[in-house]
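One letter stands for each residue in the lines below.
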Amino acid sequence: MTQALLSGLAVGSAYVLMSLGFALDLEICDIVNAAHGAFVVLGMYLMLELAGAGWPVPAAIAAATAGVALLALPVYVLLVGPARATAGHRIQLVYTLLLLIASPAVFQIFFGGDILTVAHHFASVPIAGGTLSTIEIASIAVAVLLTGGLSLAAKRSVPGKLAYCAGRYQLGARAIGLSITRVYTLVFVLAGALAGLAGGLIVSFQPVSPTLGLGFVSVVFLVVIVGRATLAGCLVLGFGYGIAQALLNYFASAAIAATLTY
């Protein structure tokens, strides 16, 4: 039971990290980015490829984070931004859904269709009768610290306050000379970076396959909506979802546990 709880914390940290970027897109930019799950999977593959090429794990995770952020920029500039400006929310949702649907085929072309894992051994740390790997502990710590840091930045820093102002009070933001388009672009890129970071961390202790994106975005959507698109809500619900799923796995099959948790 202890090991199930610890494993749930590790999986929950992945859901937290995935949910933070989705929540920022939704709360500030009013964007439902269905492609967010594909961004996470891309981060997983990038980290896997770089680690396999001999990169140190921290450097591979950092590069995966930057790589997904760089991809998110043209996605917003060429697709999501123009769609929001000219055709409203329905078209941008269609575009991101199409990206999500197309992503498994793209991943199979570039990375193959097999289930892959990182060929790196992480030390195990005994905790209260169970164990966690060092990368799982790092993932939990990053999820907590990043949520706290983003929440603090949103409430205390000038850029954070301006970003939320642009999302909630567009007329007021424009009145003080704030570029709504620039804010939305930066937030979308930041959300992409968070998806890449989530993927880079979780592939260290979970395998990756081309079709994971849809499952990820389904869980993330549920976590963010129930958490009312707040960063604190993502933290609580993300960890709660992971723990509930792990505990149910202890008593039932994986398919039944996933269904009951959802």
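Up top is the structure.
Residues numbered from 1 in each chain as written. Predicted model: local features only at pLDDT ≥ 70, side-chain atom pairs only at ≥ 80, totals over all residues. Heavy atoms only, no water.

Description of the overall build of the protein chain
Scanning the protein chain for helices and strands turns up eleven helices and two strands. Computed over C-alpha atoms, the radius of gyration of the protein chain comes to 18 Å, within 12% of the 18 Å expected from 2.2 N^0.38 for 262 residues, which places it in the range of a compact globule. Here the C-alpha coordinates of the protein chain stretch approximately 60 × 40 × 35 Å along the principal axes. Taken across its 262 residues, the protein chain has 47% of its residues classed as buried. Counting only contacts in the protein chain whose residues sit at least 6 apart along the sequence, the fraction spanning at least 24 positions is 75%. Here the protein chain displays about 12,200 Å² of accessible surface, and carbon together with sulfur accounts for 70% of that area. (Helix = DSSP H or I, 4+ residues; strand = E, 2+ residues; numbered from the N terminus. Rg over C-alpha atoms; globule rule 2.2 N^0.38 Å. Buried < 20%, exposed > 50% of the residue type's maximum accessible area, 1.4 Å probe, protein only. Contact = heavy atoms within 4.5 Å. Areas by Shrake-Rupley, 256 points an atom, 1.4 Å probe, with all protein chains shown as cover.)

Considering unusual backbone geometry
Of note in the backbone geometry, Asp-30 takes a positive phi value of approximately 60 degrees without being a glycine. Among the secondary structure elements, Asp-30 is positioned in the loop between α1 (2-29) and α2 (36-52). In the Ramachandran plot, Ala-229 falls in the positive-phi region, its phi being about 60 degrees despite a non-glycine side chain. Tracing the backbone shows Ala-229 in the loop between α9 (212-226) and α10 (231-251). The exposure class of Ala-229 is buried, given its relative accessible area of 10%.

Comments concerning the pairing of strand β2 (residues 130-133)
Pairing between strand β1 (residues 124-127) and β2: four bridges, direction antiparallel. Each bridged residue has a counterpart across the sheet, and for Ile-127 the counterpart in β2 is Gly-130. Between β1 and β2, which pair antiparallel and follow one another directly, the connecting turn spans two residues, one of which, Ala-128, has a positive phi of 50 degrees. (Pairing = 2+ DSSP bridges.)

Section: the side chain of Ser-133
Mapped onto the elements of the fold, Ser-133 is located in strand β2. For Ser-133, a relative accessible area of 12% translates into the label buried. Every residue in contact with Ser-133, bar those within four places of it in the chain, is listed here: Phe-122, Ala-123 and Ser-124.

Observations regarding the nonpolar core
In a soluble, globular protein the nonpolar side chains are often hidden away together inside. Core analysis: the biggest nonpolar cluster contains 76 residues, and Met-18, Ile-28, Met-47, Phe-188, Ile-202 and Val-224 have the highest contact counts within it. With 15 residues, α1 is the largest single contributor of residues to this core. In this view, Phe-188 contacts Asp-25, Ile-31, Asn-33, Phe-39, Ala-72, Val-75, Tyr-76 and Val-80; residues no more than four positions away in its chain are not counted. (Core = buried A, V, L, I, M, F, W, Y, C linked by side-chain atoms within 4.5 Å.)

What about helix α5 (residues 134-156)?
If you check α5, its first and last C-alpha atoms are 32 Å apart, about what 23 residues at 1.5 Å a residue would give, namely 33 Å. Every buried residue of α5 is accounted for by Ile-135, Glu-136, Ser-139, Ile-140, Ala-143, Thr-147, Leu-150, Ser-151 and Ala-154. (Expected span 1.5 Å × (residues − 1).)

A word on the packing of α5 against helix α6 (residues 158-168)
Between α5 and α6, the least distance of the axes is 5 Å, while the angle of their chain directions is 80 degrees. Classified by the angle between their axes, α5 and α6 sit roughly perpendicular to one another. Between α5 and α6, the contacting residues are Ala-153, Ala-154, Lys-155 and Arg-156 on the first element and Val-158, Gly-160, Lys-161 and Tyr-164 on the second. The residue inventory of the contact of α5 with α6, partitioned by class, reads four nonpolar, one polar and three charged. (Axes fitted to C-alpha atoms, helices over the stretch in contact; angles between N-to-C directions. Parallel < 35°, antiparallel > 145°, perpendicular 65-115°, else oblique. Nonpolar A, V, L, I, M, F, W, Y, C, P; charged D, E, K, R; others polar.)

Things to note about the environment of Met-18
Residue position: Met-18 is located in helix α1. Judged by relative accessible area, which is 0%, Met-18 ranks as buried. Between the alpha carbons of Met-18 and Val-224 there is a distance of 9.8 Å; along the sequence they are 206 residues apart. Discounting chain neighbours no more than four positions away, the residues touching Met-18 are His-36, Val-40, Ala-198, Ile-202, Phe-216 and Val-220.

Let's talk about the environment of Val-142
Residue position: Val-142 is located in helix α5. Residue class for Val-142 comes out partly exposed when judged on its relative accessible area of 28%. Separated by 59 residues in sequence, Val-142 and Leu-201 have C-alpha atoms that sit 9.4 Å apart. Residues within four places of Val-142 in sequence aside, it is in contact with Leu-17, Thr-147, Leu-197 and Leu-201.

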